[in-house]
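Per-entry structural report
Chain residues, written in single-letter form:
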Amino acid sequence: MQYVRLGRTGLEVSRIALGMMTYGTSQWRPWVLDGDAGKPVFQRAVELGVNFFDTADMYSAGESEVLTGRWVREFCRREEVVIATKVYFPVDLAFKGGASSAPKPAHVPNSSGLSRKRIFHAVDASLKRLGTDYIDLYQIHRWDEHTPIEETMEALHDVVKAGKARYIGASSMWAWQFARAQNVAKAHGWTPFVSMQNHYNLAYREEEREMIPLCRHQGVALLPWSPLARGFLAGNRTAADKQAAASSNSRAATDDIAQSYYYREADFKVVDAVSNVAAKRREKGSEVSNAEIAYAWLLHQAGVAAPIVGASKVAQIEAAVRACELQLTPQELQQLAAPYEQHPVLGHK
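My aim in this report is to walk through the structure given alongside it, one point at a time. Not measured: the values here are computed from a predicted model.

It is at 8 Å that the axes of helix α1 (residues 39-47) and helix α11 (residues 314-323) come closest, and there the two elements cross at 25°. By the criterion of interaxial angle, the relationship of α1 to α11 is roughly parallel. In this structure, α1 meets α11 at a crossing whose hand is right-handed. Two secondary-structure elements touch here, α1 through Pro40, Val41, Arg44 and Ala45 and α11 through Val314, Ile317 and Glu318. Of the residues assigned to the contact of α1 with α11, the class counts are five nonpolar, no polar and two charged.

Centre distance and the angle of the planes are the two values used to describe a pair of aromatic rings. Scanning the model with the defined rule gives ten aromatic pairs in all. Ring plane angle 50° and centroid distance 6.2 Å describe the contact between Trp28 and Tyr59, whose orientation is recorded as tilted. Placement of the pair is Trp28 in the loop between β4 (23-24) and β5 (33-34) and Tyr59 in the loop between β6 (52-54) and α2 (63-75), with a sequence separation of 31 residues. Across the pair, exposure class does not vary: Trp28 and Tyr59 are buried alike. When the ring of Phe42 is compared with that of Phe75, the centres are 6.2 Å apart and the planes differ by 40°; the resulting orientation is tilted. Taken together, the residues Phe42 in helix α1 and Phe75 in helix α2 connect sequence positions 33 residues apart. Overall, the relative accessible area of 0% leaves Phe42 in the buried class. Within the aromatic cluster, the residues linked to one another by ring pairs are Tyr23, Phe42, Phe53, Trp71 and Phe75. The lysine or arginine in question, Arg78, covers the ring of Tyr134, its NZ or CZ lying 4.1 Å from the ring centre. Directly above the ring of Tyr134 sits Arg166, whose terminal nitrogen or CZ lies 3.8 Å from the centroid.

Now for unusual backbone geometry. Notably, Asn110 is not glycine yet its phi reads approximately 65°, a positive angle. Counting through the fold element by element, Asn110 comes out in the loop between β7 (82-87) and α3 (116-130). Residue Arg230 is not a glycine yet carries a positive backbone phi of 55°. Tracing the backbone shows Arg230 in the loop between β11 (221-222) and α7 (239-246). Note on Arg230: relative accessible area 22%, which makes it partly exposed.

Criteria and cut-off values
- Residues numbered from 1 in each chain as written.
- Predicted model: local features only at pLDDT ≥ 70, side-chain atom pairs only at ≥ 80, totals over all residues.
- Heavy atoms only, no water.
- Axes fitted to C-alpha atoms, helices over the stretch in contact; angles between N-to-C directions.
- Helix = DSSP H or I, 4+ residues; strand = E, 2+ residues; numbered from the N terminus.
- Parallel < 35°, antiparallel > 145°, perpendicular 65-115°, else oblique.
- Left-handed = near helix turned anticlockwise from the far one by under 90°.
- Contact = heavy atoms within 4.5 Å.
- Nonpolar A, V, L, I, M, F, W, Y, C, P; charged D, E, K, R; others polar.
- Phe/Tyr/Trp six-rings, centres within 6.5 Å; stacked < 30°, edge-to-face > 60°.
- Buried < 20%, exposed > 50% of the residue type's maximum accessible area, 1.4 Å probe, protein only.
- Lys NZ or Arg CZ within 6 Å of the ring centre and 35° of its normal.

Okay, here's the thing in structure tokens:
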């Protein structure tokens, strides 16, 4: 396993981060692995040197955080690993205890967003579920247009100064919003964001317009989510699969991202390029998969610290880790990038 500093901090993270949304309860999403079903994947990740685990309070209504904390205690030394979690979306407990069919109120005050009240409550709740004294990387899951950014940044600064978080990060938003947040922090002497978790992969590269150059300029680490484009880059999809997936019980059926971004004609050309590079490697005796090529492309991009890998099988995390050792040639990088066509900018909500 390779390790890298998280942006300009001294924090060392593995070049692959294990995304914990896959683990929790299928009551929340039908594709989530229940209880300890995902433990072998986590254990294998640790064996391979992964020390970076990314979750959120909303995943499985907190159950993902519970499992993350439990497995860290079972397989890791706390001081060596990096636990990241997020705040913004409501933690929906309605489906628990047989209450999934109960009517939900249209709005529950202070249950979401990035107000001072919400952040202070959410961080304590996350610490309790994780069973730890501190969070290594506390991230805002989205931008809160209803709360002044000054209130949010001061609250996050106070969370850090209270010892409840070591660093803070952000996720998908407009570049001007991120720049504004960073400038507010700098102007007041508050803690700035050190990472940006954004939507970035070979099939969706709109972040290259503004956000990624901004992060590179500021030394902010990039932690791409959906590095395989919801599995699309694995090369086993057809145009007919979109409609089939929407009517199934798979992740795509409940995933607006998968339904909105991919399956365009140009997207399949990108997949073809990935498949061609992988095939030529195999012809030369190197057994590599589409997934490994797609991960490797991301790892070659300046500023990318660690893609957030969602794995439901041991073989999937093993493939991601192998990609860290895969050196792509300039010709291969050009071949992979060439077919891309611009997409509408989505994913900030």
